[in-house]
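Report on the structure
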Amino acid sequence: MTWVGVVIALAGALGYALGAALQQYEAVAEGASLLKLVRRPRWCIGGIIGLTGASLHAVALSFAPLVAVQPISVATLVFAVPLAALMYGRKPYKAEIFGSIAVAVGLLWLMFLVPQHHVTPRLGTGAALVFIAVIGVIALVTQVAASRTHGPGRALLLSIGAGVVTASVSTFVRVVGGGLEGDWGRLLHWFTLAVPVLLVCAVVLLQRSYAVGYFGIAYAGVQVVDPITSVLAGAILLGEPLPTDSSTAVPALLAAALTIAGTITLGRLAPDHSPAAPVAATPESRPLTAASDRA
């Protein structure tokens, strides 16, 4: 049934990319305050589309393991950045396209080096609480560090916090959905309640990273941290295997280098501004790449 999960995950990922682009546009205009954003129709539409995509992702995790589903969401980075550029009425810069493709290919390469796993996921309460505590510490540290940083560094730090929390949602969804085995009574567990709570936290952190304005690096940061954290959680907590063959070490290093290079490329771009923001010929309103980087 893995192929069913992959197909569902692809549909969900495309919806998630579109929803993220819509919400980032509004987050730049209104800031990260949910009280303001919920009054914006475009943000709400983006939220509905993104929620639909996330729901399909959750369904996919019920059919296939983390290591098979997570790479699909990574590939949508190639679509999300051009969609965001379209929202601002411009063509994507070449640096955005190349950076997005590099990150997506690098992560897909890394994920496919991980062997697939079909054992029913099981997670103990103690391990789950430790996992949530670790995720909370990472999120808190990144938020504090981001408050003292500006520009792309701030967007990256915020996206790291959002990424680890998003990964925790995927992990618990995998445990709950993959562990049902036809017994709906297993939904009556605190793991099920943890999913929406963690999801709300992830949404808040995502909006904070989007509001900085560097959509490329914010989205790439989440897409890098989420699958890597999910795979580690799957290996450490759920017993899903990691590649141990020495022949995979060199390809893994090359894939990691490609991913890092793509993220750095995206990080060199200046933030986009919505029409509501003042438009002036300042360095901040122009991409930090050369003119040849523009499509």
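Residues numbered from 1 in each chain as written. Predicted model: local features only at pLDDT ≥ 70, side-chain atom pairs only at ≥ 80, totals over all residues. Heavy atoms only, no water.

**Concerning the overall build of the protein chain**
Scanning the protein chain for helices and strands turns up 11 helices and 0 strands. Ordered by position in the sequence, the α and β elements of the protein chain form the string α-α-α-α-α-α-α-α-α-α-α. For the protein chain, buried positions account for 48% of its 295 residues. For the protein chain, the share of sequence-separated contacts (at least 6 apart) that also reach a separation of at least 24 residues comes to 80%. (Helix = DSSP H or I, 4+ residues; strand = E, 2+ residues; numbered from the N terminus. Buried < 20%, exposed > 50% of the residue type's maximum accessible area, 1.4 Å probe, protein only. Contact = heavy atoms within 4.5 Å.)

**Description of the packing of helix α7 (residues 125-146) against helix α9 (residues 190-211)**
When two helices pack together, you describe them by how their axes are tilted relative to each other and by the distance separating the axes. One way to put it is that α7 packs onto α9 with a least axis distance of 13 Å and a crossing angle of 10°. Between α7 and α9, the interaxial angle falls into the category roughly parallel. Where α7 abuts α9, its residues T125, A128, L129, I132, A139 and Q143 lie against W190, F191, L205 and R208. In the contact of α7 with α9, the residues fall into 7 nonpolar, 2 polar and 1 charged. (Axes fitted to C-alpha atoms, helices over the stretch in contact; angles between N-to-C directions. Parallel < 35°, antiparallel > 145°, perpendicular 65-115°, else oblique. Nonpolar A, V, L, I, M, F, W, Y, C, P; charged D, E, K, R; others polar.)

**Notes on the pattern of salt bridges**
In the structure shown here, the tally under the stated rule is 3 salt bridges. Across the salt bridge formed by R40 and E26, the nearest N and O atoms sit 2.7 Å from each other. Of this pair, R40 sits in the loop between α2 (34-37) and α3 (41-63) while E26 sits in helix α1 (residues 2-30), and the two are 14 residues apart along the sequence. The class of R40 is partly exposed, set by a relative accessible area of 31%. (Salt bridge = Lys/Arg side-chain N within 4 Å of Asp/Glu carboxyl O.)

**Topic: the confidence of the model for the protein chain**
Within the protein chain, residue pLDDT values average 77, and 77% of them lie at 70 or more. Across the protein chain, the secondary-structure element scoring lowest on mean pLDDT is helix α4 (residues 66-75), at 67, and the one scoring highest is α7, at 94. Scored below 50 in pLDDT, residues 275-295 shows 31 contacts in the model against residues more than four places distant or in partner chains. (pLDDT = per-residue confidence, 0-100.)

**Section: the nonpolar core**
What tends to happen in soluble globular proteins is that the nonpolar side chains get buried as a cluster. Among the nonpolar cores identified, the biggest contains 43 residues, and L123, V165, F172, F191, Y210, F215 and Y219 are the most heavily contacted of them. If sequence neighbours within four positions are ignored, F191 has contacts with L123, G124, T125, A128, F172, V175 and V176. Ranked by size, the runner-up nonpolar core spans 7 residues in total, among them L107, L110, A255 and L266. (Core = buried A, V, L, I, M, F, W, Y, C linked by side-chain atoms within 4.5 Å.)

**A look at α7**
Spanning 22 residues, α7 covers 31 Å between terminal C-alpha atoms, matching the ideal 32 Å at 1.5 Å per step. Residues of α7 that are buried include every one of A128, F131, I135, A139, T142, Q143 and A146, and no others. Down the axis of α7, the buried side of the element spans an arc of 100°, and every buried residue falls inside it. Opposite its buried face, α7 presents the exposed residues V130, V137, L140 and V141, each directed more than 90 degrees away. (Expected span 1.5 Å × (residues − 1). Arc of directions from axis to C-beta.)

**Examining the packing of aromatic side chains**
The full count for this structure, using the stated rule, is 4 aromatic pairs. Seen in terms of ring centroids, F172 and W190 are 6.2 Å apart; in terms of plane orientation they differ by 55°. Their pairing is tilted. You can see F172 sitting in helix α8 (residues 152-178) and its partner W190 sitting in helix α9, a full 18 residues away along the chain. For F172, a relative accessible area of 0% gives the class buried. Residue W190 is classed as partly exposed on the basis of its relative accessible area, which comes to 29%. (Phe/Tyr/Trp six-rings, centres within 6.5 Å; stacked < 30°, edge-to-face > 60°.)

**With respect to a nonpolar patch on the surface**
On the surface, a cluster of nonpolar side chains totalling about 340 Å² of accessible area is made up of I97, F98, I101 and V105. Within the fold, F98 resides in helix α6 (residues 94-112). (Patch = residues over 30% accessible without salt bridge, like charges linked within 9 Å, V, L, I, M, F, W, Y side chains within 5 Å. Areas by Shrake-Rupley, 256 points an atom, 1.4 Å probe, with all protein chains shown as cover.)

**Observations regarding the environment of V105**
Relative to the assigned elements, V105 resides in helix α6. Sequence separation between V105 and V78 is 27 residues; the distance between their C-alpha atoms is 9.4 Å.

**Section: the side chain of Q23**
Relative to the elements of secondary structure, Q23 occurs in helix α1. Aside from chain neighbours lying at most four places away, what touches Q23 is W43, G46, G47, Q207 and Y210.

**Quick word on the environment of I45**
Mapped onto the fold, I45 is located in helix α3. The class for I45 is partly exposed, based on a relative accessible area of 46%. Spatially, the C-alpha atom of I45 lies 8.4 Å from that of Q23, the residues being 22 residues apart in sequence.

**What about the packing of α9 against helix α10 (residues 215-237)?**
Their axes nearest at 8 Å, the elements α9 and α10 cross at an angle of 150°. As the angle between them shows, α9 and α10 are arranged roughly antiparallel. For the pair formed by α9 and α10, the contact residues are L206, S209 and Y210 on the first element and F215, A218, Y219 and V222 on the second. Residues that form the contact of α9 with α10 fall into these classes: 6 nonpolar, 1 polar and no charged.

**Brief notes about α9**
Here α9 is 22 residues long and its end C-alpha atoms lie 32 Å apart, about the 32 Å a rise of 1.5 Å per residue gives. Every buried residue belonging to α9 is among F191, A194, V195, L198, A202, L205, L206, Q207, S209 and Y210, and all of these are buried.

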